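What follows is each chain in one-letter form.
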Amino acid sequence: QVQLVESGGGLVQAGGSLRLSCAASGRAFSSYTMGWFRQAPGKEREFVAAIRWSGGSLYYADSVKGRFTISRDNAKNTVYLQMNTLKPEETAVYYCAAKAGYLGSVYHTYEHWGQGTQVTVSS
């Protein structure tokens with residue numbers, strides 16, 4: 001059974017940084033894509049970034065390019081999202097997700113989800 005456990009959320013001032021972690025277990029992820037999504041109250045779930053376990057190909061939403069970095073540690077089976085220069089409008093619950101196959105930004109193609117971690121950016 002696949003388990004994804006996020007951590008690292010919290011309260012940060014605008015312009016600050018946070019690093020989220022997603023510990024993955026339950027299967028081999030070498031053929032998987034790992035993604036980060038976020039959902040603010042009253043809004044749809046939004047793609048943030050994705051990475052292929054094998055090869056490390058990356059994909060970012062335009063809104064976070066140059067500020068956020070997704071990475072993975074194969075030995076620890078962990079995916080990270082380094083978030084810099086955070087904005088108040090990026091306050092949301094951030095979710096880690098996994099899908100078999102190639103990079104993608106459509107949330108319903110992701111098969112497995114973590115429970116989410118709250119990120120609050122104060123102005």
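Anything mentioned here points back to the structure above.
The structure contained in this document is the topic of the report that follows. (Residues numbered from 1 in each chain as written. Predicted model: local features only at pLDDT ≥ 70, side-chain atom pairs only at ≥ 80, totals over all residues. Heavy atoms only, no water.)

### Points about the environment of Gly66
- By the secondary structure assignment, Gly66 is in the loop between β6 (58–60) and β7 (68–73).
- Sequence spacing of Gly66 and Trp113 is 47 residues, and the spatial spacing of their C-alpha atoms is 25 Å. (Helix = DSSP H or I, 4+ residues; strand = E, 2+ residues; numbered from the N terminus.)

### Re the state of the cysteines
- One pass over the full model with this rule turns up one disulfide.
- The disulfide bridge from Cys22 ends at Cys96, spanning 2.0 Å between sulfur atoms. The chirality of the disulfide connecting Cys22 with Cys96 is left-handed, given an S-S dihedral of about -75°. Here the residue Cys22 occupies a position in strand β3 (residues 18–25), and Cys96 occupies one in strand β9 (residues 92–100), the gap between them amounting to 74 residues. Per residue, the accessibility class of Cys22 equals that of Cys96, and both read buried. (Disulfide = S-S within 2.5 Å. Buried < 20%, exposed > 50% of the residue type's maximum accessible area, 1.4 Å probe, protein only.)

### Some words on the pattern of salt bridges
- Counted under the stated rule, the structure contains four salt bridges.
- Here Glu90 and Arg38 are joined by a salt bridge, their closest N and O atoms 3.2 Å apart. Here Arg38 lies in strand β4 (residues 32–39) and Glu90 lies in the loop between β8 (78–83) and β9, a separation of 52 residues in the sequence. The residues Glu90 and Arg38 share a single accessibility class, namely buried.
- For Asp62, the salt bridge goes to Lys65, with nearest N and O atoms at 3.1 Å.
- Overlapping salt bridges bring together Arg38, Glu46, Arg67 and Glu90 as one network. (Salt bridge = Lys/Arg side-chain N within 4 Å of Asp/Glu carboxyl O.)

### Comments concerning the packing of aromatic side chains
- All told, the structure shown has eight aromatic pairs when counted by the stated rule.
- Ring centres of Phe37 and Trp113 lie 5.1 Å apart, and the angle between their planes is 55°; on these two criteria the pair is classed as tilted. Here Trp113 lies in strand β10 (residues 112–113) and Phe37 lies in strand β4, a separation of 76 residues in the sequence.
- For Trp113, a relative accessible area of 26% translates into the label partly exposed.
- Ring pairs connect the aromatic residues Phe37, Phe47, Tyr59, Tyr95, Tyr110 and Trp113, which therefore count as one cluster.
- The positively charged end of Arg45 is found above the aromatic ring belonging to Trp113, 4.7 Å away from the centroid.
- The lysine or arginine in question, Lys99, covers the ring of Tyr110, its NZ or CZ lying 5.8 Å from the ring centre. (Phe/Tyr/Trp six-rings, centres within 6.5 Å; stacked < 30°, edge-to-face > 60°. Lys NZ or Arg CZ within 6 Å of the ring centre and 35° of its normal.)

Shape is all these values report; function is a separate question.
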